[in-house]
Amino acid sequence: MDIFAEFRTTILAALDMLVADGTLPEGLETRGITAEPPRDATHGDIASNAAMAVAKPAKKNPREIASALATILAEDPRVDKAEVAGPGFMNLRLSEAFWRERLADALVQGDDFGKSDVGAGRHVNVEYVSANPTGPLHVGHTRGAIFGDALASLLEFAGHKVTREYYINDGGSQVDTLARSAFQRYREALGHAPEMAEGLYPGDYLIPVGQAMVDKWGDSLLDKPEDDWLLDVRNFATDAMMDLIREDLASVGVVMDEFYSEKSLYGKGVIEDAIAALEEKGLIYQGVLEPPKGKKPDDWEPREQTLFKSSEFGDDVDRPIKKSDGSWTYFAPDIAYHYDKLQRADELIDVFGADHGGYVKRMKAACKALSGGEERLDIKLTQLVKLFENGAEFKMSKRAGTFVTLKDVIDMVGPDVTRFSMLTRKNDAPLDFDFAKVKEQSKDNPVYYVQYAHARICSAMRKAANEAGLSALNDASLAKSDLSTLKHEAALGLVKKIAEWPRQVRGAAENHEPHRIAFYLYDLASEFHSVYNLGAKNPELRFVQEGKEIETKALLALIRATAITISNGLRILGVTPVQEM
RNA sequence: GUCCUCGUAGCUCAGCCGGAUAGAGCACCAGAUUCCUAAUCUGGAGGCCACAGGUUCGACUCCUGUCGGGGACACCA
């Protein structure tokens, strides 16, 4: 349960009472009213702006309203003290007994602690990675993969039904290029020198594909014209690349529910249907686009083509869906794909790299048009990953051989560190990834800080079971044990931090911001480490106290609830909650 | 030229749908280990939240403009 949401409801009920007795007028706007942890803990446990928010329409002094509210709230058994502060805040201080019950809640709920129903079972389709099937994934894709995956897990935890989806761009000319590149590796496998013409993919990863082609076709393709083999080789190589990509994804713990092929849209009228849906709304027309502002391409000439009125939905200009020769542009199958997704899910999220930023408006426009003006698509851009080695930036280049793949990164630093590092940053902020830092000074990496907290708890639990010989240390019985010895300010502070977890999940899920989970876990770990170290000076805070079973069990309940929260959070981020370090 | 995005401590970044005295880590200074893992903890110092207006009880947060960094800009995907 999210105590802040709960108290917000309580406060709204108190406002209703004030309306009923005539203190406040009816029909007040309550949307802006909050109940949240105050920035400064000395202000109390929950702060509300309710009085200030209604003061103006009610034409009353905010402090007076706050005072009336406080009088009502002070009667609540969960509340120790309700007071007015500043311009009209109402601060609530909750009883220790109330906090101890929250601890018991966390223990009882276990893996479910923090789950919420904000998703209300709505089906969300999260599309991410969707890299062209022409080679292994690189670092840039890694960020998108990790972000999308954590976002999907987060939404799941918040009560959504989630589909993790990958759109395979296997319908365009880049897969022809792939086929031609693979064919050169095929020739090479048969003892001929490969002719890597300009524009082909020179990477080594196609060498085994060439060999596999020999296994499949022998030398039968060697002297045939391209038209005879292109289709087969294209399919073969695309499949091989998708296998490679699936392996790459699995190495960072990403498993997709759905791989959706662009090619499957062609020739079945799917694209035509989607375009027809837009045409019905009068959003398709023949026209000629203005030349682009600024630097004009040398070969620019006016061309009549089929256009979509995306500018009616917030795009800068209308966008072509057919080339002047009548074939589809890339945008057309993409519209069809999203049209299909809209029918399969309630909400869509696309995770794009920053280099696709220019595509956002038109895609949103198309979805808005197709869903009757509703905003059902959110697009998250992941900014570029800047690579550093020993403090110096280096650019990736296929030619120069400084192309860093996802596999390189995972082999060097491991999935946990990679995932946590990339998630302790907002998706739309650029990310500096310094190998030296992440790998050698790994003790400075926040992921270890959080994992260490979890490991310390596991260690204390082992000690309690082995040395102190305590029995019945499972969470269910700890939840029922006497927690009234939990009084120390630092211990209660940790309880309060744990009780914030459900609210954090909700906030992160509603805003599609998994990084908040990472930051929260860091804070939680910090509070835990602090309590741990206080045990040096304050023996009553040592988790395992010889001969004091009641005190020990109360503290074990506290740290187990901490471990549960850390573990639930790390599970969302896809990071292992280690038992020891 | 247009659009998107970012600008917060020396550095890397948080700051929740507008709330009270703007927070962490690193680096710097001073401390803690007969004690459950020191990959830890305690304290200090460090700020015109790029700049200028606007909206209001209140702005790091929302709006407009300026400056600065990054990205994208016809029938490529």
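The structure reproduced in this document is the subject of the present report.

What counts, and at which threshold
- Residues numbered from 1 in each chain as written.
- Chains lettered and ligands numbered in written order.
- Predicted model: local features only at pLDDT ≥ 70, side-chain atom pairs only at ≥ 80, totals over all residues.
- Heavy atoms only, no water.
- Phe/Tyr/Trp six-rings, centres within 6.5 Å; stacked < 30°, edge-to-face > 60°.
- Helix = DSSP H or I, 4+ residues; strand = E, 2+ residues; numbered from the N terminus.
- Buried < 20%, exposed > 50% of the residue type's maximum accessible area, 1.4 Å probe, protein only.
- Lys NZ or Arg CZ within 6 Å of the ring centre and 35° of its normal.
- Pairing = 2+ DSSP bridges.
- Right-handed = clockwise from strand over helix to strand, strands pointing away.
- Salt bridge = Lys/Arg side-chain N within 4 Å of Asp/Glu carboxyl O.
- Contact = heavy atoms within 4.5 Å.
- Axes fitted to C-alpha atoms, helices over the stretch in contact; angles between N-to-C directions.
- Parallel < 35°, antiparallel > 145°, perpendicular 65-115°, else oblique.
- Left-handed = near helix turned anticlockwise from the far one by under 90°.
- Nonpolar A, V, L, I, M, F, W, Y, C, P; charged D, E, K, R; others polar.
- Near = heavy atom within 4 Å.
- Polar contact = N/O pair within 3.5 Å; in protein donor to acceptor, adjacent residues only side chain to side chain.

### Some remarks on the packing of aromatic side chains
Reasoning step 1: Taken as a whole, this structure holds 17 aromatic pairs when the rule is applied.
Reasoning step 2: Seen in terms of ring centroids, Tyr167 and Tyr337 are 4.1 Å apart; in terms of plane orientation they differ by 15°. Their pairing is stacked. Of this pair, Tyr167 sits in strand S6 (residues 161–168) while Tyr337 sits in helix H10 (residues 331–344), placing them 170 residues apart in sequence. Like Tyr337, Tyr167 is buried.
Reasoning step 3: Among the aromatic residues, those joined into a ring-pair cluster are Phe308, Tyr330, Phe331 and Tyr359.
Reasoning step 4: Above the face of the Trp328 ring, Lys322 is positioned so that its terminal group lies 5.0 Å from the ring centre.
Reasoning step 5: Directly above the aromatic system of Tyr532 lies the positively charged group of Arg456, at a separation of 3.6 Å from the ring centroid.

### Notes on the pairing of strand S5 (residues 123–127)
Side-chain direction in a regular strand flips from residue to residue, so the side chains alternate between the two faces of the sheet.
Reasoning step 1: With 5 of 5 residues buried, S5 lies mostly within the body of the structure.
Reasoning step 2: The alternating pattern of S5 places His123, Asn125 and Glu127 on one face and Val124 and Val126 on the opposite face, and all of these are buried.
Reasoning step 3: Pairing geometry for S5 and S6, over 5 bridges, is parallel. Counted as the bridge partner of Val126 is Arg164 from S6.
Reasoning step 4: The parallel pair S5 and S6 is bridged by helix H5 (residues 139–157), and the resulting crossover is right-handed.
Reasoning step 5: Summarising the sheet, S5 and strand S11 (residues 347–353) pair through 4 bridges and their orientation is parallel. Within S11, the position partnered with Asn125 by the bridge is Leu348.

### A few points about the pattern of salt bridges
Reasoning step 1: According to the stated counting rule, one finds 33 salt bridges in the structure shown.
Reasoning step 2: Note that Arg344 is salt-bridged to Glu165, the shortest N-O span being 2.8 Å. Residue Arg344 is located in helix H10, and its partner Glu165 is located in strand S6; the two are separated by 179 residues in the primary sequence.
Reasoning step 3: What makes Glu165 buried here is its relative accessible area of 0%.
Reasoning step 4: The salt bridge involving Lys361 is made with Asp316; its shortest N-O contact spans 3.1 Å. Of the two residues, Lys361 is situated in helix H11 (residues 360–370) and Asp316 in the loop between strand S9 (304–308) and strand S10 (319–320); the sequence distance between them amounts to 45 residues.

### With respect to the side chain of Glu500
Reasoning step 1: The residue Glu500 is located in the loop between helix H17 (489–499) and helix H18 (501–510) in this model.
Reasoning step 2: Judged by relative accessible area, Glu500 falls into the buried class, the value being 13%.
Reasoning step 3: In contact with Glu500, other than residues within four places in its own chain, are Phe4, Pro37 and Tyr520.

### Description of the sheet that holds S10
Reasoning step 1: Taken in spatial order, the 3 strands line up as S8-S9-S10 in an open sheet, and their pairing is antiparallel. Of all strands in the sheet, those with a lone pairing partner are strand S8 (284–288) and S10, marking the two edges.

### Points about the packing of helix H6 (residues 173–189) against helix H7 (residues 207–217)
Reasoning step 1: Two numbers describe how H6 lies on H7: the axes approach to 7 Å, and their chain directions differ by 70°. Relative to H7, the element H6 is oriented roughly perpendicular. Where H6 crosses over H7, the handedness of that crossing is right-handed. Mapping the contact onto sequence places Ala182, Phe183, Arg185, Tyr186, Glu188 and Ala189 in H6 and Ile207, Val209, Gly210, Gln211, Met213, Val214 and Trp217 in H7.
Reasoning step 2: Its residues assigned to classes, the contact of H6 with H7 comprises 9 nonpolar, 2 polar and 2 charged.

### Points about the packing of H17 against helix H20 (residues 549–573)
Reasoning step 1: Between H17 and H20, the shortest axis-to-axis distance is 10 Å and the interhelical angle comes to 30°. It follows that H17 is roughly parallel to H20 by the angle criterion. Crossing angle aside, the handedness with which H17 passes H20 is left-handed. Together, Ala491, Leu494, Val495 and Ile498 of H17 and Leu558, Ala561, Thr562 and Thr565 of H20 make up the contact between the two elements.
Reasoning step 2: Taken together, the residues that form the contact of H17 with H20 break down as 6 nonpolar, 2 polar and no charged.

### With respect to the protein's contact with RNA strand B
Reasoning step 1: Around RNA strand B sit 62 residues in total, of which Arg303, Lys323, Tyr452, Ser459 and Arg542 are the nearest.
Reasoning step 2: The sugar-phosphate share of atoms of RNA strand B within 4 Å of the protein amounts to 61%.
Reasoning step 3: Ala354 is positioned with one of its backbone polar atoms (N or O) 3.1 Å from a sugar or linking oxygen of RNA strand B.
Reasoning step 4: Looking at the surface near RNA strand B, the elements with two or more residues in it are helix H2 (50–58), strand S4 (89–94), helix H15 (446–466) and helix H19 (515–537).
Reasoning step 5: With 9 residues, H19 is the largest single contributor of residues to the surface near RNA strand B.
Reasoning step 6: Looking at the surface near RNA strand B residue by residue, the classes come out as 23 nonpolar, 18 polar and 21 charged.

The analysis is restricted to geometry; functional conclusions fall outside its scope.
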